[in-house]
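Remarks on the overall topology
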Amino acid sequence: MKATYVLVHSPSVGPATWEPVARALETRGHAAVVPDLTGVGATPPYWPAAVEAVRDAVVEAAPRGPLVLAAHSNAGLLLPAIKDGLGERVVACVFAETHLPPRAGLVRTAEEKFLPFLRKLAADDGSLPPWTDWWGPDRIAPMLPDPDLRERVVTEQPRLPLSYFTQRVPVPAGWDLVPCGYIWYGPPYDAIAAEAAGRGWPVVHVEGRHLHQVVRPAAVTDAMLGLVNSSLFPAR
């Protein structure tokens, strides 16, 4: 039985950041589901809401069979908890332009050095502006050159609370016993790709900006399928 690809977007953005890849997977004969995590910042604790959102989407769309988890950006730090919530069905994990979770323990959903930047952005009630507003149009427009697509990504973004990024997410030991792989588009993720390679994971470089899976979904889909196929069915 072919695996269903579960494409987990960063809670900072929305499903539109993975939907083009889902369509590309489907044209290649693979089932795909993109859970909606835009509501996970409503009430703490936040990470269990992400686990529940993914589990509910999977139960509805793919109640049986193996699963491949793929996370982009901040969702990568949630992936071990999500995998744990899905049980033994997960056969591989793919990380696209994410930081890497530790092998076990706890992980904060933002690096300590990034928190001062976020604190300056936060309103008096602790809410952050939408993710694209963190960077401004001069950086977002080259990342999403198609105006209609950019508008869709911008429109569906949530406003996360600052406390989302200070939460600590449990990382169950043994989460990475399934095959894992890493896709990176450009700096600064080259350094994290090197870290992934140091863990023995296969790594693929698809040159682009941070939302390249939206702009060139076919190329990212090919990279993802190549990683999964080489991990699950290595040449002998």
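Residues numbered from 1 in each chain as written. Predicted model: local features only at pLDDT ≥ 70, side-chain atom pairs only at ≥ 80, totals over all residues. Heavy atoms only, no water.

Digging into the nonpolar core
Ranked by size, the top nonpolar core spans 57 residues in total, and within it Phe-165 and Tyr-182 carry the most contacts. No other element matches the 6 residues that helix 2 (residues 47-61) contributes to this core. Setting aside anything within four residues of it in sequence, one finds Phe-165 in contact with Ser-12, Asn-74, Arg-108, Thr-109, Ala-110, Leu-115, Leu-118, Leu-128, Trp-134 and Leu-160. Val-21, Val-94, Ile-183 and Val-228 belong to the second-largest nonpolar core, a separate cluster that totals 23 residues. (Core = buried A, V, L, I, M, F, W, Y, C linked by side-chain atoms within 4.5 Å. Buried < 20%, exposed > 50% of the residue type's maximum accessible area, 1.4 Å probe, protein only. Helix = DSSP H or I, 4+ residues; strand = E, 2+ residues; numbered from the N terminus. Contact = heavy atoms within 4.5 Å.)

Structural notes on helix 2
Spanning 15 residues, helix 2 covers 21 Å between terminal C-alpha atoms, matching the ideal 21 Å at 1.5 Å per step. Ala-50, Val-51, Ala-53, Val-54, Ala-57 and Val-58 are the residues of helix 2 that are buried. All buried residues of helix 2 fall inside an arc of 160° around its axis, so they share one side. Within helix 2, the exposed residues directed more than 90 degrees away from the buried face are Val-59 and Glu-60. Where helix 2 is buried, its residues meet strand 1 (4-8), strand 2 (32-33), strand 3 (67-72) and helix 3 (79-86). (Expected span 1.5 Å × (residues − 1). Arc of directions from axis to C-beta.)

Some details on the pairing of strand 7 (residues 180-184)
Counting buried positions over the 5 residues of strand 7 gives 5, a clear majority of the element. Side chains of strand 7 alternate between two faces, with Cys-180, Tyr-182 and Trp-184 and Gly-181 and Ile-183 buried alike. With 4 bridges connecting them, strand 4 (residues 90-96) and strand 7 associate as parallel partners. Note on strand 7: the bridge partner recorded for Cys-93 is Cys-180. In terms of strand pairing, strand 7 meets strand 8 (residues 203-205) through 3 bridges, oriented parallel. Pairing of Trp-184 across the sheet is with His-205, part of strand 8. (Pairing = 2+ DSSP bridges.)

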